[in-house]
Amino acid sequence: MSADELLEALDPEQREVATALHGPVCVLAGAGTGKTRAITHRMAYGVRVGAFNPHSVLAVTFTARAAGEMRTRLRQLGADGVQARTFHAAALRQLSYFWPQVVGGQMPSLVEQKAPLVGRAARAAGLSVDRLTVRDLASEIEWAKVTLVAPEDYVQFTTDTGRPAPAGIERAQVVDVLRAYEEAKTDAVVLDFEDILLLLADMIGRHQDVGDQIRRQYKHFVVDEYQDVSPLQAYVLDQWLGGRRELCVVGDPAQTIYSFAGASPQYLLGFTRKYEDAAIVRLVRDYRSTPQVVTLANGIMAQRSNAGGGLELVAQRPSGPAVAFHAYADDGSEAAGVASRIDALMSAGVSAREIAVLYRTNSQSEALEEALATRGIGYLVRGGQRFFGREEVRKAMLLLRGAAVSATDEPLGVQARSALESAGWTEEPPAARGAVRDRWESLQALAELADDTDAESIAATGEGATMRTFVEQLAERASSQHAPAVEGVTLSTLHAAKGLEWDAVFMVGMSEGLLPISLAETDEAIEEERRLLYVGVTRAREHLNLSFARSRREGGKATRKRTRFLEKWWPDARPAQQQRAARATSHDLDVDELKLFEALKAWRWEHAQADAKPAFTVLVDSSLISIARSRPQTLGELAKVHGVGATKLDRYGLEILEVVAAH
């Protein structure tokens, strides 16, 4: 693609991101607005016009999957020299390179599991701990390190901020554990993942030549998911920059859901205080979800006590089905009901891989797994065994490497399937569910990935991909855990679902105590739970089902109440005579009314952008909905709409009537 073609593929706001090549740039990007598309095109455009040397650009994100996806897109755009890595992967590469020069000898190995060392540290501090306490202490150690809270400051900092000590342990005892843990690591000659960032930042700060070498290598930085940056990551980023200003960040404060682990949206929200002349671009055109889903998502976030930094999404997709709400007697009934609805969707043609069930805690998955298995519906629990760690996948990759040595001129998909037959792949899937079917689906995912790779190569170069290229890409995917899609309904916690999307999403357990979870006691914690609901809702492209169970067990007392976050939208939230008024402030307009409502929102958004003011200052949602329902044809009729006073009638009246007339 030429530079002009790269820009032509973008909408006006994405194009503004792509052409903002120098100086600090802050992209506020709502869910489904194409942020990855915008920043990858920005990097590719910068390379194409000669503003960037691809090898001098470092893009960092938070998950290996996201980094792998970014590398794939950059390669497709002709910018494969750009480095796209997680914070830890980029820091580890640099630390490993400089360690022999600065410290000498081989860098200590990384400890993958903290639990044994934490248990040893807890016992050294005089604590008797069980497995769950060790897990809570490990999380607290990680939090203290990523927030740069030293042991000597721990008691004062957590007291001032109101952060409770883990597992009911006294704060002073936690300090003893923090110190004993560092001593245990030293004795074992190992590092943990937080040490990678801490030691690299310290090395850059103490040794000017190290910082100089890194800064000569990397001159432009892009940070994805900037709302999730921790103080430690922000510190490392400052060391990388060394006072320079070539930084582009992208994030959404409404998707901050990792504050408990040290993430802070203040770096994103305070970006213009640090860089007063920063270019600010807002992406609000939602290409992912239907207007029904977008309207609910906007409504959830509009209820926040502090809506600073929020974005109001504008749906770009055609109208879809109404959001569904269901109440069940107990958890088992809820799971069975969800499985039944999933079965119906699959019968209607929705692929299992395009369906997800999301929940707040891992313990909620058991009933869902049983209900899906009873109906013979395949599923995958996100966070379970990693795709590239499965035995059949490891064997398949060995077979594919062997096939690359004696490759033929046949299409890549044909060659791949021929090799995969030795691992158990067959043309027809096994009829029964279970381990045999799961193995086949893993191999089928590799076969379909070969088809996709071949098609991408033909589109880009006019020639099919070689088996060697496919094997190399598989190795890259394995290193970044960028797994291909596997057939089966996804079961996932809300946290693990961030960054993903499906055609149909079922959100279960929408009740007080689960969402918000009972542990959320402060106003800040409650607001984070609201953002978690928003993240879940915005995973859905078309079908969204929300449900809760009134009781945990069959025959149990119905003590659960639906979540406060959805009270406004639940169908029986108000008496029957108020139902029409309730619908007038929700997603449940008829199809024609909803189309007009979305058109009015788009008109309002254009005015808000031009005036650099929040959208509600033009007209609030309730006024737009009243216009959509009453369809005024004259200024006199429009003047009867609540919220349309003389000033707004004079300024906007004729334009509003034009929008109504067009629908």
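Up top is the structure.
Okay, so let's go over this structure. None of the values given here were measured: they were computed from a predicted structure.

Procedures and definitions
Residues numbered from 1 in each chain as written. Predicted model: local features only at pLDDT ≥ 70, side-chain atom pairs only at ≥ 80, totals over all residues. Heavy atoms only, no water. Buried < 20%, exposed > 50% of the residue type's maximum accessible area, 1.4 Å probe, protein only. Helix = DSSP H or I, 4+ residues; strand = E, 2+ residues; numbered from the N terminus. Pairing = 2+ DSSP bridges. Right-handed = clockwise from strand over helix to strand, strands pointing away. Axes fitted to C-alpha atoms, helices over the stretch in contact; angles between N-to-C directions. Contact = heavy atoms within 4.5 Å. Parallel < 35°, antiparallel > 145°, perpendicular 65-115°, else oblique. Left-handed = near helix turned anticlockwise from the far one by under 90°. Nonpolar A, V, L, I, M, F, W, Y, C, P; charged D, E, K, R; others polar. Core = buried A, V, L, I, M, F, W, Y, C linked by side-chain atoms within 4.5 Å.

It is worth spelling out the pairing of strand β16 (residues 540-551) at this point. The element β16 is largely enclosed, with a buried count of nine among its 12 residues. By the bridge criterion, six bridges tie strand β11 (residues 324-330) to β16 in an arrangement that is parallel. Directly across from Y328, in β16, lies its bridge partner A549. Following the backbone out of strand β15 (residues 502-507), through helix α22 (residues 523-537) and into the adjacent parallel β16, one traces a crossover that is right-handed.

On the basis of which strands lie adjacent, the open sheet formed by six strands has the order β11-β16-β15-β12-β14-β13 and parallel pairing. The open sheet has two free edges, formed respectively by β11 and β13 (379-381), since each of these has just one partner strand. Taking the axes of each pair of neighbouring strands and ignoring which way they run, one obtains an average angle of 25° across the sheet. In the sheet, β15 pairs with β16 via five bridges, with the strands oriented parallel. Bridge pairing links F506 to N545 in β16. Its contacts with the sheet put α22 on β12 (355-359), β15 and β16, and the angle it makes with β16 is roughly 130°.

Okay, the packing of helix α3 (residues 35-48) against helix α4 (residues 64-76) next. Two numbers describe how α3 lies on α4: the axes approach to 10 Å, and their chain directions differ by 50°. The orientation of α3 relative to α4 falls into the category oblique. As α3 runs across α4, the sense of the crossing is right-handed. Taken together, the residues of α4 that come into contact with α3 (itself represented by T36, R37, I39, T40 and M43) are M70, R73 and L74. Grouping the amino acids of the contact of α3 with α4 by side-chain chemistry returns four nonpolar, two polar and two charged.

Let us look at the nonpolar core. Among the nonpolar cores identified, the biggest contains 42 residues, and V223, W240 and L247 are the most heavily contacted of them. When neighbours within four sequence positions are excluded, W240 is seen to be in contact with L58, V60, F87, A90, A91, Q94, L200, I204, I214, R215 and F221. Listed in part, the 39 residues of the second largest apolar core include V293, A297, W502 and I517.

Let's shift gears to the sheet that holds strand β1 (residues 25-29). One key point about sheets: their strands pair by backbone hydrogen bonds, in either a parallel or an antiparallel sense. Strands sit in the order β3-β2-β6-β7-β1-β8 across an open sheet of six strands; the sheet is parallel. Of all the strands in the sheet, the pair left with one neighbour each is β3 (83-86) and β8 (279-283). Across the sheet, the mean angle separating the axes of adjacent strands is 15° when strand polarity is ignored. Alignment of β1 against strand β7 (residues 247-251), held across four bridges, turns out to be parallel. By the bridge assignment, V27 is partnered in β7 with V250. Helix α5 (residues 87-102) rests against β2 (57-61), β3 and β6 (220-223) of the sheet, and its axis sits at about 105° to β3. Contacting β2, β6 and β7, helix α12 (residues 231-241) crosses the sheet at an angle of about 165° to β6.

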